[in-house]
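Reading the structure
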Amino acid sequence: MSAESLILFASLTEVIPHLEGVAKLCPVIIALPLLSFLLISFLSRKNGEVSSFIAVFSLFSAFVASLFMAIPRFAVPEGPIFEIKRIWLSVGSPQLASINVGLLVDNLSATTSVMVTFIATLVGIYSQGYMSKEIGHFPTQTTQSLSRFYAYLSLFVFSMLGLVFSNNLLQIYIFWELVGLCSYLLIGFWYFKKSAADANKKSFVVTKFADLFFLIGILSVGLGAGTFNLLELDRITGVLPFALLGTSALPLICIAFGPIGKSAQFPLHVWLPDAMEGPTPVSALIHAATMVAAGIYLVGRLFNLFMLDLMAGYFVAFVGAFTALIAALIALVQNDIKKVLAYSTISQLGFMLGALGSGAYTAGLFHLFTHAFFKALLFLGSGAVIVACHSNDIWTMGGLKKHLKFTHGAFVMGCLALAGFPLFSGFWSKDEILAGAFGRYPEIFGMLCFAAFLTAFYVTRMYCIAFLGEYRGDENKGPFAGMVPSPDLPAPIACSKDTLGMEPEWTEEKADPNLNPPRCLGAKQEHVPHHHGPPHEVSSTMYGPLLVLAVFAVFLGFVGIPEHNLFHHLIQHYREPAHEFHLWLMGVSVLIALSGIGLGWSFFAKDPIAGEERLRKLLGGFHTTLSQKFYMDHFWAWAVSITMMTFSKVAAWFDDDIIDGGVRGTGVMTAVLGEKIRKEHSGLISHYLFMLIASVLLLAMLLGGINPDFVLSPQRILEFNDSFPTRGITE
């Protein structure tokens, strides 16, 4: 839809009279998912179907309200920014300091709100088919599990919208933590599976570690600048008014650790692949399209500060580009279709940070939006494939092009967009990123180019193995099927008894089906799928959202065509340097995408097993390194175990020798003193008299030491005697 059409639409819409009026929809948009969460939690939790209807209806209503609020801004990008501020906490009387809460409605927040609510609505519809099938596999799970899922989903959308519309860093931090809580709950949705429980704990610990530095950075910036308000921070010019350890870069680097943790960037990327233990709709919405994008959104909000400090900006760019490269390399050897997409997500988020750190504000945020649509499409498509094949392993698939026609048609659109195939949405946004990096940091440009080539290659590998040829199933899965890394490779951490001196904990996976009741069987309680023969197409509630997202995967990129970039016109930033368009750079982008796709096709299209053999031979010993994910899990396991053991030993010493030692010492002193005193109770009057005289003399000496006049002056003694009352004493 062109800008002229949008202007005409806005002018003809009488429901939206002006920008200030529609900005008042912001609290309604945020409140609708919260209302859904409360209704499901307190009224409909025993009926999953009713809960799903409440959630989908509230999400769709929030999307419609977001659209009504955003369309006038699309038509008039130069329109005013609206901010609602209220004092939350104040100190002193008269007021010495205060903390404000508020809402910020501008082009970026309005557009992001549309994206979040639209994808959330499609995920909610998709989940009605997907979650019903998944819950049916577990005999201990009931319709209340479906209600629990939609309650968590609604709470997440509320948290994400609260973050998007926040007008200050402290408020962003509050919703940031709430988003992390929702992620924790949804990753561990199948709480009876040990793998899911471990994954949600891992994600929580890793992101909280990053959030500690994030909070330090927020406080350093806000207190140094005298404000936490985003608009006021965006207006800072010249020398930055804050510093930590003598440099203004350190507070911004601390803030950057928040996105590094939340957006799964090196070296804190290790939690996201494990987060695939959550239901696939969760992976699509939270861990691909929206939550992990919160870190990118934050860097975009603070773009002015990162551009004023080149060291902090380069730090963001380098971390992003390096993450994009290593994640793309790891994705080359993955067999789990969701793990391939997980590492792809990490890589694409690295592209966005690389762009923002390089000064390509529009390109980074444009890729945020295009990626949200095509990656949600790919994750939902993978869920449909998993339901049809009852497996995550791409080597047990094959031939799905013939069996899942609707799913295949949508999935291939997402693959082409991710690979950066010309004219698809991912091509336009990725081309803008490469152009922005080329003009500023050649080394960042080089890493991103190689990562883009690898992306096209591993996407083609995944597609060819899963969708071409004949259906393999478990019987013909070949020699390369199975988990990565394989069980015969060294584990990231040894047995807990060897490492931490403790007995390994009992888990539900160790339960014996013949001895333990069903509720103790964990993952073993899942029914064997009643499926024989080739896979079949999923229900329309599942492939319908895929087809809608496929349209955006193909056409959304056209709003960011170079020289006619409507997205840049919508969210441009005054601090963004001008990027000159080079046709040859676009040619390089096309060549990279086609080379990766072509090489992947030549490897895997005809004979995937032979192609995998060629790939492993080409990689050599490096294949093991990639299978072990560059040993980052080993590193963190080692670091945590060393830190834990050191801290535990210090804590044990302090507790045993200082705390308990003090308690034991008090007891010993009491016993010794009691024994001494006991010996003084002899029963002899002469002994008691001696003790009395000795006590009086000791008391007199003590008083004499304090005030000698009191003991030596007879007058003082007479005055002291006269002070006693004489009433009732007869002569």
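Structural notes, computed from the coordinates. Note that the structure is predicted; figures quoted are calculated from it, not measured. (Residues numbered from 1 in each chain as written. Predicted model: local features only at pLDDT ≥ 70, side-chain atom pairs only at ≥ 80, totals over all residues. Heavy atoms only, no water.)

**Some words on the overall build of the protein**
Assigned secondary structure in the protein consists of 31 helices and 4 strands. Relative to its 731 residues, the protein shows a buried fraction of 52%. With an accessible surface of roughly 33,000 Å², the protein has 68% of that area assigned to carbon and sulfur atoms. (Helix = DSSP H or I, 4+ residues; strand = E, 2+ residues; numbered from the N terminus. Buried < 20%, exposed > 50% of the residue type's maximum accessible area, 1.4 Å probe, protein only. Areas by Shrake-Rupley, 256 points an atom, 1.4 Å probe, with all protein chains shown as cover.)

**A closer look at the environment of Ser66**
Here Ser66 shows up in helix H4 (residues 48–75). Residue Ser66 is classed as buried on the basis of its relative accessible area, which comes to 0%. Setting aside residues no more than four positions away along its own chain, Ser66 makes contact with Ile29, Ser113, Val114 and Thr117. (Contact = heavy atoms within 4.5 Å.)

**Focus: the packing of aromatic side chains**
One pass over the full model with this rule turns up 43 aromatic pairs. A centroid spacing of 5.8 Å and a plane angle of 20° characterise the contact between Tyr126 and Tyr130, whose relative ring orientation is stacked. Of this pair, Tyr126 and Tyr130 both sit in helix H5 (residues 107–136), 4 residues apart, roughly one helical turn. Considered together, Tyr126 and Tyr130 belong to a single accessibility category, that of buried residues. Arranged with centres 6.3 Å apart and planes meeting at 65°, the rings of Phe209 and Trp636 form a pair that is edge-to-face. Taken together, the residues span a long stretch of sequence, with Phe209 in helix H8 (residues 194–225) and Trp636 in helix H28 (residues 632–680) at a distance of 427 residues. You can call Trp636 partly exposed: its relative accessible area is 23%. Members of the aromatic cluster, each reached through a chain of ring pairs, are Phe209, Phe213, Phe257, Phe315, Phe635, Trp636 and Trp638. Over the ring of Phe189 we find Arg148; its NZ or CZ atom is 4.1 Å from the centre of that ring. (Phe/Tyr/Trp six-rings, centres within 6.5 Å; stacked < 30°, edge-to-face > 60°. Lys NZ or Arg CZ within 6 Å of the ring centre and 35° of its normal.)

**Thoughts on helix H26 (residues 608–619)**
For H26, with 12 residues, the first-to-last C-alpha span of 16 Å sits near the 16 Å given by 1.5 Å per residue. Among all positions of H26, only Pro608, Gly611, Glu612, Leu615 and Leu619 are buried. One face of H26 carries all of its buried residues, which in axial projection span an arc of 100°. Among the residues trailing H26, Gly620 stands out with phi positive, at a value near 65°. (Expected span 1.5 Å × (residues − 1). Arc of directions from axis to C-beta.)

**Focus on the state of the cysteines**
As enumerated under the stated definition, the model contains 0 disulfides in all. Unpaired in terms of disulfides, Cys464 finds its nearest cysteine sulfur in Cys415, a separation of 9.4 Å. Relative accessible area serves as the criterion here: at 0%, Cys464 is assigned to the buried category. (Disulfide = S-S within 2.5 Å.)

**Notes on the environment of Val299**
Within the secondary structure, Val299 sits in helix H13 (residues 294–301). Since its relative accessible area comes to 4%, Val299 is described here as buried. Along the backbone, Val299 and Met352 are 53 residues apart, and their C-alpha atoms lie at a distance of 9.8 Å. In contact with Val299, other than residues within four places in its own chain, are Pro259, Phe306, Val316, Leu353 and Leu356.

**Regarding the pattern of salt bridges**
This model, assessed by the stated rule, comprises 13 salt bridges. Across the salt bridge formed by Lys208 and Glu177, the nearest N and O atoms sit 2.5 Å from each other. Taken as a pair, Lys208 in helix H8 and Glu177 in helix H7 (residues 169–187) lie far apart in primary sequence, 31 residues in all. A relative accessible area of 22% means that Glu177 is categorised as partly exposed. Notably, a salt bridge pairs Lys208 with Asp211, separated by 3.0 Å at the nearest N-O pair. Remark: Asp211 and Lys208 occur in helix H8; sequence separation between them is 3 residues, near one turn of the helix. When salt bridges with common partners are traced through the structure, they connect Lys202, Asp274, Lys629 and Asp633 into a single cluster. (Salt bridge = Lys/Arg side-chain N within 4 Å of Asp/Glu carboxyl O.)

**Regarding the packing of H8 against helix H10 (residues 249–262)**
The description of two helices packed together rests on the angle between their axes and the distance between the axes. The N-to-C vectors of H8 and H10 enclose an angle of 150°; their axes lie 7 Å apart at closest approach. With respect to each other, H8 and H10 are oriented roughly antiparallel. Judged by the twist between their axes, the crossing of H8 over H10 is left-handed. Contacts between H8 and H10 pair Thr207, Ala210, Asp211, Phe213, Phe214, Ile216, Gly217, Ile218, Ser220 and Val221 from the former with Pro251, Leu252, Cys254, Ile255, Phe257, Gly258, Gly261 and Lys262 from the latter. The residue inventory of the contact of H8 with H10, partitioned by class, reads 11 nonpolar, 5 polar and 2 charged. (Axes fitted to C-alpha atoms, helices over the stretch in contact; angles between N-to-C directions. Parallel < 35°, antiparallel > 145°, perpendicular 65-115°, else oblique. Left-handed = near helix turned anticlockwise from the far one by under 90°. Nonpolar A, V, L, I, M, F, W, Y, C, P; charged D, E, K, R; others polar.)

**Considering helix H21 (residues 442–467)**
In this model, H21 (26 residues) spans 37 Å end to end at C-alpha, consistent with the 38 Å of a helix rising 1.5 Å per residue. Here H21 lies mainly inside the structure; 21 of its 26 residues are buried. Count one or two residues on from H21 and you reach Gly469, which has phi positive near 75°.

**Observations concerning a nonpolar patch on the surface**
Together, Leu35, Leu38, Leu39, Phe42 and Leu43 make up a nonpolar patch on the protein surface, roughly 510 Å² of accessible area in all. Checked against the element boundaries, Leu35 lands in helix H3 (residues 26–42). (Patch = residues over 30% accessible without salt bridge, like charges linked within 9 Å, V, L, I, M, F, W, Y side chains within 5 Å.)

**Overview of unusual backbone geometry**
The peptide bond linking Phe266 to Pro267 adopts the cis configuration, its omega dihedral lying at 5°. Along the chain, Pro267 falls in the loop between H10 and helix H11 (271–274). Residues other than glycine seldom take positive phi values, yet His390 does so here, at roughly 60°. Along the chain, His390 falls in the loop between helix H17 (361–389) and helix H18 (400–403). With a phi angle near 55°, Lys629 is a residue other than glycine that sits in the positive phi range. Locating Lys629 in the fold gives a position in the loop between helix H27 (622–627) and H28. Overall, the relative accessible area of 16% leaves Lys629 in the buried class.

**As for the side chain of Asn304**
Secondary-structure assignment places Asn304 in helix H14 (residues 303–308). For Asn304, the side chain forms a polar contact with the main-chain oxygen of Leu233, separated by 3.1 Å. Residue contacts for Asn304: discarding those within four places in its chain leaves Leu233, Asp234, Arg235, Ile236, His573, Tyr574 and Arg575. (Polar contact = N/O pair within 3.5 Å; in protein donor to acceptor, adjacent residues only side chain to side chain.)

**Considering the environment of Phe421**
Within the element layout of this structure, Phe421 appears in the loop between helix H19 (405–419) and helix H20 (425–438). By relative accessible area, which is 29% here, Phe421 ends up partly exposed. When sequence neighbours within four positions are dropped, the list of residues in contact with Phe421 reads Leu416, Phe427, Ala593, Leu594 and Ile597.

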